[in-house]
Structure formats: C-alpha cells, structure tokens
Amino acid sequence: MKAKLALYLLLLTMLGCRDQSDFTDQKNNMVVAHQGAWKTDGLPSNSIASLRKAIALKCYGTEFDVHLTKDDVLVVNHDKDFYGLDIATSTYDELLSKKHPNGESIPKAEAYIREGMKQNQTKLVFELKPSNLGKERALRSADLTVELVKASGADEWVEYILFDYDAAKRIIELDAQAKVFYLNGDVEPSQAKADGFYGLDYNMKVFREHPDWIKTAHELGLAINVWTINEEEEMQHFIDLGADFITTDEPEKLLTLLREKNK
Ligand code: MG
C-alpha cells in the first residue's frame, strides 16, 4: 500500500514538474506573437487580452508597441494615435476618454509588464516606437523604458526591439545586459555586434536580399528574428534558414507547424 502511495506521489510530482515551465524550457520554441495573440479571437491587438492569449498559447514571446505620452507615460498601442487621439501630444488622462472595443483602456506599459510577469514562460518583446517629436523625446522614452523595466524587476522577461538606432544604443548604454534587437534592416551584422546589440529583428525582405546575413550574424553570436510571417511556406523557409525566432500574426499556425515537425 505504501509503495502504491509512493508511486502515486512520484507520478504527481513528475506531472507537476512538467507544468512548471520557465525560461529555460524554450527549446524549439521560436514563436513571437505580433502585438499579442489577437487574430483568432478577434481581440484588440496590443491589449491585455491579447497578451494573456499569447501567454496561454505558450509562445516564446509576445511583442507589443510602446509610445510616450505628452506627460511621460509609456503606453501600449500600435499606431501613433489611439482611436483618433495622437499619443505623443496627448496626456495619459486624455487617452482614457477612448477605449478598445473589448472595454479596455490603453494599457500603461507598466501594467502590461506587471501582467506578463505573472508567468515565466513567455518573454515580453518590448518595441519602443520612434518619436514623431524628434530625437530628444526618443531618447527620453528610452531612459524611461529602462527605468520602468528596472523598477519592475522585469529584466528576465523583457527583450527590446527598436527602429531608432540611437534610442536602441541608449538602452544598451544604460543596461549592458539588456537584450536589444534592431529592426530597421539597414545595418550589417558586424556593425550591430560592434554596437552591443543582442540580435537583428529584420523584415523578411531584408533576409531575402541578404541571405548570408543570418549565417554571418550567427557566427558573430547575434540572434535572428524575422517579421512578420503569416504564411506557412514562408515560416518553413525561415525555419530552414536557421532563424531563431519568427514574429507572426498567426502564432497558432506556427506552433502547430513546429509541433508537427518535432513529433
Ligand atoms: Mg511592433
């Protein structure tokens, strides 16, 4: 009887362990949900609901876009405007007059990160958007971003992606451990490596034009993410080329493809 109980307890422990995924359990997981996982359930992109869905799917990462308001609040939204209100020239309170169709207000990056930190499987891929208002605001947004991530204790969760090379370099300067990827596609792997980047996160067209960059980047120790890939054939193409991550609006499709491949 005792032996049976011991076996039962052992099985329970093993099952429990399997559920306790963490960031070390990411082998073969290359899926980054673009603006969260919103498409299948018709959720607003960049909403807390789309973040929760990407986490429920167990994506490697979930990407989100961050802008700075007039009164220095980092908020999560794709476009420069939130339902007609220009974010850079509006205060956070002014933005609260609009809501997503699911009833959510525009999330503060702080709340988004706090929600993401309730788990430790899916990374938070923080895209800091360039500023319309010039370099000074872009650098200010980079300073506030690092400050927020540090104050939240979110270093283990957050990876950064940026189009603005100077703002990206500012993040690297402020935090040498930060994992920063460059988005704009106009910098060669060797230059990005020299400037302290962790990886390149380029549009698939860039890697089609420079097919050697994936190999060169890997030789330099840089990680490669490709965006935004929604067709199965293209997913397969970049898996075969050895991309580390694929950003997609169709995370379920890519997860299924990878599961089939790893069977
Ligand atoms: Mg983005």
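Residues numbered from 1 in each chain as written. Predicted model: local features only at pLDDT ≥ 70, side-chain atom pairs only at ≥ 80, totals over all residues. Heavy atoms only, no water.

## Some points on the overall build of the chain
Part 1 of the argument: Along its length, the chain carries eleven helices and eleven strands.
Part 2 of the argument: Per-residue burial over the chain gives 50% buried out of 263 residues.
Part 3 of the argument: Put simply, the chain shows about 13,200 Å² of open surface, and 52% of that area lies on carbon and sulfur atoms. (Helix = DSSP H or I, 4+ residues; strand = E, 2+ residues; numbered from the N terminus. Buried < 20%, exposed > 50% of the residue type's maximum accessible area, 1.4 Å probe, protein only. Areas by Shrake-Rupley, 256 points an atom, 1.4 Å probe, with all protein chains shown as cover.)

## Examining the pairing of strand β7 (residues 158–162)
Part 1 of the argument: Counting buried positions along β7 yields five of five residues, so the element is predominantly enclosed.
Part 2 of the argument: A two-sided burial pattern is seen for β7, the buried positions comprising V158, Y160 and L162 on one face and E159 and I161 on the other.
Part 3 of the argument: Of the strand pairs in this sheet, strand β6 (residues 123–128) and β7 are connected by five bridges, and their pairing is parallel. Among the inter-strand pairings, L128 is bridged to a residue of β7, identified as L162.
Part 4 of the argument: You can see the chain leave β6, run along helix α5 (residues 135–152) and come back into β7, and the turn it takes is right-handed. (Pairing = 2+ DSSP bridges. Right-handed = clockwise from strand over helix to strand, strands pointing away.)

## As for the coordination of the magnesium ion
Part 1 of the argument: Bound to the magnesium ion are the protein donor atoms E63 (OE), D65 (OD) and E127 (OE), situated 2.0 to 2.1 Å from the metal.
Part 2 of the argument: Between the donor residues of the magnesium ion, the gaps in sequence give the motif E-x1-D-x61-E. A residue pair is termed long-range when its members are at least 10 positions apart, and E63 in strand β2 (residues 61–68) and E127 in strand β6 qualify at 64 residues. E127 carries the same exposure label as E63, and that label is buried. (Donors = N, O, S within 2.8 Å, 3.2 Å for Na, K, Ca; no water.)

## Considerations on unusual backbone geometry
Part 1 of the argument: A positive phi angle is found at Q35, which is not glycine, with a value near 65°.
Part 2 of the argument: Counting through the fold element by element, Q35 comes out in the loop between β1 (31–33) and α2 (48–56).
Part 3 of the argument: Judged by relative accessible area, Q35 falls into the buried class, the value being 8%.
Part 4 of the argument: Positive phi is not limited to glycine here, since K58 has a value of about 65°.
Part 5 of the argument: Position of K58 among the secondary structure elements: in the loop between α2 and β2.

## Comments concerning the pattern of salt bridges
Part 1 of the argument: Applying the stated criterion to the full structure yields 16 salt bridges.
Part 2 of the argument: Linking E110 and R114 is a salt bridge whose minimum nitrogen-to-oxygen distance equals 3.8 Å. With a gap of four residues between them, E110 and R114 both fall in helix α4 (residues 109–116), about one helical turn apart.
Part 3 of the argument: Looking at E110, the relative accessible area reads 39%, which means it is partly exposed.
Part 4 of the argument: The partner of E219 in a salt bridge is K215, and the shortest N-O contact between them spans 3.1 Å. Taken together, the residues E219 and K215, both in helix α9 (residues 212–219) and four residues apart, mark about one turn of the helix.
Part 5 of the argument: The exposure class assigned to E219 is exposed, which follows from its relative accessible area of 60%.
Part 6 of the argument: K215 sits in the exposed class, given a relative accessible area of 58%. (Salt bridge = Lys/Arg side-chain N within 4 Å of Asp/Glu carboxyl O.)

## Digging into the environment of I239
Part 1 of the argument: Its place among the elements puts I239 in helix α10 (residues 232–240).
Part 2 of the argument: Classification of I239 as buried rests on a relative accessible area of 14%.
Part 3 of the argument: A sequence separation of 209 residues divides I239 from M30, and the C-alpha atoms of the two residues are 9.0 Å apart.
Part 4 of the argument: Among residues more than four places away in sequence, those in contact with I239 are M30, I246, L254, L257, L258 and K261. (Contact = heavy atoms within 4.5 Å.)

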